[in-house]
Amino acid sequence: MFSNNLLMAAASASGGGGYSVDNSIRMDKASTANMVLNSGSWGTPSSTTSGIISLWTKGGGATELLFHTGPQDGTGNDEFHFEIEASQFATYQRISAAVTFNYKTTQLLRDPTSWYHILVIYNTDDATSTDRIKIFINGVRVTDFATSTAPSSGAVVRFTADENNRIGTRTAVAAGGSMDNYLSQFAKLDGYGSYTEADFGEFDDEGEWRPIDITGLTYGTNGALLDFAVAPGTGNGAGTDVSGNGNNFTDSGLAANDQVTDTPTNVFCTWNSVWEAGGVSTSTYADGNLNGIVANGDSVLGTLGVSSGKWYFEMEHTGLYPLMGFADDTAASNVATGQGKWLLNNATRVYSSPSGYVTTATTFSAGDVIGFAIDFDNDAVWASKNGTWMNSATLGEVEAGTTTNALWSGVLSGKTVFPCSGSDGGSGTTNIINCGQAALNAGGNADDNGYGDFDYDVPTDFLSLCTANMTALDFDPADHHQVELVNHDGTSTSFTLGWNADTYDTLFIIKNRDSSEKWFWVNGLSGYDKYLVSDTTTAITTDSNVISVSGTTITLGSSAALSSDNY
């Protein structure tokens, strides 16, 4: 579901909408990254019963402490939370250890390819209890909750008061950071509960929720707007307030290169934290999913795949026995862990699956930056070490498409490929990727379109892996979605699809409308002869008789898993 990002790129590409967000901040738990504005810095709040928090976030793990207020000593008796818990968004408040409101969504926020906009409007003066806290994710109001305890009428909302305000940490600053994802366009409004979701974003022509300019909103005395246009270590740093209030947060544990250009309007490739090699993964992720900590025999895959054009990215490693390179959509769809990968080993070997080690390349060590130039036009891939091209290739050959000294030739045609990295014997090898959002070391090199921050020169005509470099698609979503009610006779009942399912990999979701029965999920990437069910953790099941595909003709078959019912 996450491996085909070209559709997502339709709305995220720079041509897909009007307003552009330029910067975000990459948080890192290991660096105890956080931003704090302590009590004593705020004025008398404009409102004690209403306020708004709006932010964009991407990647990271299952638990992210987005925003928190409470006492400096971290006792937790009086605190306000705005965070992701077990991949569910939650906001709640305690006063004198008693919970005054508590909301947690059933929706899971775990797509590492996308930015999420989280907007919460607090107004405890609303006469309708269920409207006192309104939660919106990507422009859509959330109505399904695992927990939903509404505040009483006129209840105090503490985040507008003179409290310690913290981004990325819950208790005192000394407790360190507790967030490993990206933040962009962070807004805290003191009061002004009359604003709606339309004041913070808009849907584009493809139905994607996008940021808008929110600098003109009224933020109230204790409000703040962080656009992260100032790098850590410069002026007031990442916590610079541009609302006009001067409520600047103090950043800690952040370096200048933690200001990145991966934003809601230009999404860069990172490691995909939900992809599992062969259905099982022991890898972990950090630093905004740019660090993949890989166990022996495991691998990590990028979030953006490409199937045409010319592309460039860089990698670095720490630890033993790294593998670096790329994988095709065979590996991406988990058909087999050993297939569809082309990887460099640090001991001069080049690994091509399924052929094994087939040639030699330059040896490299921890700290060396390995660049990859992928050229679909000439069906070739080159690799460099610290700016020097391997296999005696030259920059001129790479730019001209001369494949004589390419590391791989004839392996790209008809494929969608993703950055890939792994471990070939070491445990805990950290493989670091840069697709242009943050240089590994010195940096300062962009592609021809002005995107990217790389350690070494990007070959002419090669582009960084970001959605701004991908063509915005012009399509009607209705042309790619269809609903059918099929009265199945238990043997073979057909219907006509609006497109050719042999040509275009299609996801079928099949539900019995008459009886209680498991839902079937069938997709062309895995093969139409297999299905998953969404009510258990059962592994994929092979059954060619659930559906069969013949172009635009789709047939429900004679599988014993199906009944003579409406589907």
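For the structure, check the block above.
The structure displayed is predicted, hence computed values, not measured ones.

Caption draft 1: Local environment of the packing of aromatic side chains. Per the counting criterion, the structure on display carries 20 aromatic pairs. For the ring pair Trp115 and Tyr182, a centre distance of 6.2 Å and an interplane angle of 55° mean the geometry is tilted. Taken as a pair, Trp115 in strand β8 (residues 115–123) and Tyr182 in strand β13 (residues 182–190) lie far apart in primary sequence, 67 residues in all. Tyr182 carries the same exposure label as Trp115, and that label is buried. By the ring-pair criterion, three or more aromatic residues cluster together here, those being Trp42, Phe67, Phe80, Phe101, Tyr122, Phe159, Phe186 and Phe249. Positioned over the ring face of Tyr182 is Lys58, at 5.4 Å from the centre of the ring. Over the ring of Trp42 we find Lys188; its NZ or CZ atom is 3.8 Å from the centre of that ring.

Caption draft 2: Quick peek at unusual backbone geometry. The backbone of Ser96 shows a phi angle near 50°, a positive value even though the residue is not glycine. By secondary structure assignment, the location of Ser96 is in the loop between β6 (88–95) and β7 (98–108). We classify Ser96 as exposed; its relative accessible area is 58%. With phi around 60°, Asn289 is a residue other than glycine that occupies positive phi space. Within the element layout of this structure, Asn289 appears in the loop between β19 (284–286) and β20 (291–294). Judged by its relative accessible area of 2%, Asn289 is buried.

Caption draft 3: Region of the structure containing the pattern of salt bridges. Evaluated as defined, the whole model comprises 9 salt bridges. The shortest N-O distance in the salt bridge between Arg94 and Glu79 comes to 2.1 Å. Of this pair, Arg94 sits in strand β6 while Glu79 sits in strand β5 (residues 79–85), and the two are 15 residues apart along the sequence. Relative accessible area serves as the criterion here: at 5%, Glu79 is assigned to the buried category. Through salt bridges with shared partners, a single ionic network connects Arg26, Asp258 and Asp287.

Caption draft 4: Quick look at the sheet that holds strand β39 (residues 547–550). If you walk across this open sheet you meet the 3 strands as β34-β40-β39, and the pairing is antiparallel. Edge positions in the sheet fall to β34 (493–496) and β39, since each of these pairs with one other strand and no more. Looking at each pair of strands side by side, their axes are set apart by 20° on average, direction ignored. The pairing of β39 with strand β40 (residues 553–556) spans 4 bridges and is antiparallel. Following the sheet pairing, Ile547 is matched in β40 by Leu556.

Caption draft 5: Seen up close, the pairing of strand β9 (residues 133–137). Counting buried positions along β9 yields 4 of 5 residues, so the element is predominantly enclosed. With 5 bridges joining them, β8 and β9 adopt antiparallel strand pairing. Its bridge partner lying in β9, Tyr122 is registered against Ile133. Hairpin connection from β9 to strand β10 (residues 140–141): 2 residues lie between these consecutive antiparallel strands, with Asn138 at a positive phi of about 55°.

Caption draft 6: Just the environment of Tyr195, in detail. Along the chain, Tyr195 turns up in the loop between β13 and β14 (201–203). Taking the C-alpha atoms as reference points, Tyr195 and Thr263, 68 residues apart in sequence, are found 24 Å from one another. Non-local contacts of Tyr195, meaning those with residues more than four positions away in its chain, are made with Ile52, Ile121, Leu189, Phe200, Leu217 and Thr218.

Caption draft 7: Highlighting the side chain of Thr493. In this fold, Thr493 is placed in strand β34. Accessibility expressed as a relative area gives 14% for Thr493, which makes it buried. Residues within four places of Thr493 in sequence aside, it is in contact with Val486, Asn487, His488, Ile554, Thr555 and Leu556.

Caption draft 8: Structural context of the sheet that holds strand β36 (residues 520–523). The 4 strands lie next to each other as β35-β36-β37-β38, forming an open sheet whose pairing is antiparallel. Both outer strands of the open sheet, β35 (507–510) and β38 (541–542), are each paired with one neighbouring strand and no more. Pairing between β35 and β36: 4 bridges, direction antiparallel. In the strand pairing of β36, Phe508 is matched with Val522.

What counts, and at which threshold
- Residues numbered from 1 in each chain as written.
- Predicted model: local features only at pLDDT ≥ 70, side-chain atom pairs only at ≥ 80, totals over all residues.
- Heavy atoms only, no water.
- Phe/Tyr/Trp six-rings, centres within 6.5 Å; stacked < 30°, edge-to-face > 60°.
- Helix = DSSP H or I, 4+ residues; strand = E, 2+ residues; numbered from the N terminus.
- Buried < 20%, exposed > 50% of the residue type's maximum accessible area, 1.4 Å probe, protein only.
- Lys NZ or Arg CZ within 6 Å of the ring centre and 35° of its normal.
- Salt bridge = Lys/Arg side-chain N within 4 Å of Asp/Glu carboxyl O.
- Pairing = 2+ DSSP bridges.
- Axes fitted to C-alpha atoms, helices over the stretch in contact; angles between N-to-C directions.
- Contact = heavy atoms within 4.5 Å.

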